[in-house]
Amino acid sequence: MKDRIRVNWTAAVLMVVQILVLLFFAGQKKGYFIDEIYSWGLSNSYYKPFVASYDVFDRWIDGDVFEDYMTVGEGERFAYGSVYYNQTQDVHPPLYYMLFHTLCSLTPGVFNKWQGILLNVFFYGGCLAMIFLTARRLTKSEGAALAAMAVWGFSPGGLSTGIYIRMYMMMAFFSIATVYLHVRMAEEGQGRRILAAVCAVTFLGLLTQYYFVFLAFFLSAVYVLWKLQKQKWKEASVYAAALFASVGLMVLVYPALITQLARTDEFVASETRNNLLNGSVMVRNLISYVSDINMDFFSGRIREAAAVMALFLGFGLWRNRKKGGGRKVKVSLDANDRIALALALVWVLSFLAVSGAAVVTGVRYIYNLYPLFCVLLVWAGRGITGWALKGTKACGMVRAGILAAGGILFLTGFRLGYVRYLYPENEERVRLARQYEDLYCLYINNYENAPLTQDLMELSGFRGVYVMPKEEIERVQELAEGKDWKKGLVVYVDTNDFWSSGYDGTEVMEKLKAETKAREYVYLYAHELSETYLLKWE
């Protein structure tokens with residue numbers, strides 16, 4: 001009992017240290033990916049899911065419009081009906097946004113990164129706890145459980161999950177939670193309470209992100225097949241009925257999911273459906289995701305890590321065959337090892353499914369698979385070294401050395417910038433935008449929502465913003481009536497041809513220069529979807 005209390009306290013201290021490391025990196029976050037801006041807007045904008053919902057095109061608007069989109073206004077706190085409505089107009093379920101809106105409602109009128117980070121910290125800590133409990137059951141080792149916590153929590157991949165202000169940290173928690181509950185059921189039996197917990201986690205996971213369904217489906221399928229193989233027909237039937245009931249409850253609570261998954265007028269939904277049907281992007285995504293795992297856990301040294309494990313395997317085969325007089329040596333697997341192998345199959349199938357479905361190769365789509373990956377990584381490393389070095393004093397030292405080498409790889413990853421979503425370059429972009437905040441801004445955009453959302457932080461500071469398509473530049477002189485442009489005009493050009501208008505920045509600026517008889521234009525900065533210039537007359 002004393003040893004168990006000591007280990008639990010060690011796990012708690014390790015968790016606190018990891019959360020402090022997460023907060024350290026979060027403190028360096030200077031900008032946001034476009035989807036992070038959507039997190040604020042969809043959570044807090046009162047029955048207006050997108051910037052375009054504010055009638056922002058072809059008229060002068062000020063920064064209050066953009067601030068209203070991102071923050072909770074007075075009289076709009078805890079407006080869950082608004083959050084629910086906004087999500088029915090988007091492509092995700094609403095649970096994350098409701099929790100995010102709750103935090104933002106405590107600080108109305110405020111847009112701050114810590115609103116999202118603090119929500120992530122809660123689930124980050126929960127994820128660490130689930131990793132510890134799952135690894136301890138699979139390995140029957142307190143040390144291995146602590147190692148699994150360290151591998152995920154200190155890795156660039158785990159830290160990036162906690163820094164990214166979206167629902168993927170929540171999904172990672174529910175994913176490893178359902179794995180833990182299934183491991184418990186496999187060991188302890190299918191009791192009512194634990195089955196109810198599985199159903200609750202499934203319901204909440206699906207209400208967080210649709211990609212949760214891949215892990216949940218394959219985990220449930222393997223579990224049911226295992227029950228059928230053991231001829232436990234009743235347990236398999238009860239389990240399947242309960243899981244279907246939780247899915248049905250999710251549909252009842254959020255029927256908009258049917259429309260969202262079936263709609264043909266939304267790019268992400270239609271492309272995801274097409275990808276699942278024809279598998280055309282699987283190879284591309286697989287290559288990208290393996291590369292992401294390489295950076296997130298091995299600092300680009302995955303080949304060397306695989307070579308080390310192969311070396312241990314080779315040594316173990318040689319040593320065990322020598323001890324066995326040249327006879328074949330069998331590898332014995334206990335019940336927990338067989339559970340771990342089943343989970344490895346679930347992980348691979350889920351990984352392939354995500355690779356076949358993802359519209360873009362964003363690593364965020366596999367973040368929920370990372371905790372189980374770390375548990376399996378520690379389980380496999382412990383098993384291989386234990387088998388190869390069985391009966392030797394070097395086993396513990398080698399395992400400690402592998403962990404130390406992993407720590408060095410993580411530090412290298414930090415140095416190389418593999419912790420994502422910090423956007424240090426955005427600090428200079430915002431500084432430049434504030435330098436010209438007394439100027440008006442012209443945004444050349446073909447009525448697209450995405451680039452405006454991406455640039456909200458800068459746009460909210462200008463005296464006024466006018467959004468218009470390139471085709472209407474001929475009437476730009478009309479916009480100058482009553483406006484002092486002599487000090488200059490900031491011009492944003494929507495340049496991305498995948499998500500938005502795809503204009504050529506230089507072509508647009510040459511046309512503006514000619515129409516306004518400006519002296520010159522100067523390139524200021526660029527974002528993923530836009531380029532920014534300063535048009536000068538003096």
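What counts and how
- Residues numbered from 1 in each chain as written.
- Predicted model: local features only at pLDDT ≥ 70, side-chain atom pairs only at ≥ 80, totals over all residues.
- Heavy atoms only, no water.
- Salt bridge = Lys/Arg side-chain N within 4 Å of Asp/Glu carboxyl O.
- Helix = DSSP H or I, 4+ residues; strand = E, 2+ residues; numbered from the N terminus.
- Buried < 20%, exposed > 50% of the residue type's maximum accessible area, 1.4 Å probe, protein only.
- Pairing = 2+ DSSP bridges.
- Contact = heavy atoms within 4.5 Å.

Examining the pattern of salt bridges
In a structure, side chains of opposite charge can pair up when their charged atoms sit close to one another.
Argument step 1. With the rule as written, the count across this model stands at 18 salt bridges.
Argument step 2. R431 is the partner of E428 in a salt bridge, and the nearest nitrogen-oxygen pair spans 2.7 Å. One end of the pair is E428 and the other is R431, both in helix α20 (residues 426–435) and three residues apart, which spans about a single turn.
Argument step 3. One salt bridge connects E474 with K511, and the closest N-O pair in it is separated by 3.2 Å. Here the residue E474 occupies a position in the loop between β3 (464–468) and α23 (476–479), and K511 occupies one in helix α24 (residues 505–516), the gap between them amounting to 37 residues.
Argument step 4. Classification of E474 by relative accessible area gives partly exposed; the value is 46%.
Argument step 5. You can call K511 partly exposed: its relative accessible area is 29%.
Argument step 6. What emerges from the salt-bridge pattern is a single network uniting R137, K140, R184, E187 and E188.

Remarks on the pairing of strand β2 (residues 440–444)
Argument step 1. Most of β2 sits inside the fold, with five of its five residues counted as buried.
Argument step 2. Across the two faces of β2 the burial is the same, with Y440, L442 and I444 and C441 and Y443 all buried.
Argument step 3. Here β2 pairs with β3 via five bridges, running parallel. Within β3, the residue paired with I444 across the bridge is M468.
Argument step 4. Here five bridges tie β2 to strand β4 (residues 489–494), and the two strands are oriented parallel to one another. Across the sheet, the residue bridging to C441 is V490, located in β4.

Details of unusual backbone geometry
Argument step 1. With a phi close to 55 degrees, Y47 is a non-glycine residue in the positive phi region.
Argument step 2. Within the element layout of this structure, Y47 appears in the loop between α2 (34–44) and β1 (60–61).
Argument step 3. A relative accessible area of 40% means that Y47 is categorised as partly exposed.
Argument step 4. Although it is not a glycine, Y447 sits at a positive phi angle of roughly 60 degrees.
Argument step 5. Along the polypeptide, Y447 turns up in the loop between β2 and α21 (450–454).
Argument step 6. Residue classification places Y447 among the partly exposed residues on the basis of a relative accessible area of 35%.

Observations concerning the environment of S355
Argument step 1. Along the polypeptide, S355 turns up in helix α17 (residues 335–357).
Argument step 2. In sequence terms S355 and V283 are 72 residues apart; their C-alpha atoms lie 7.7 Å from each other.
Argument step 3. Leaving out residues up to four positions away in the same chain, S355 has contacts with V281, M282, N285, L286 and Y289.

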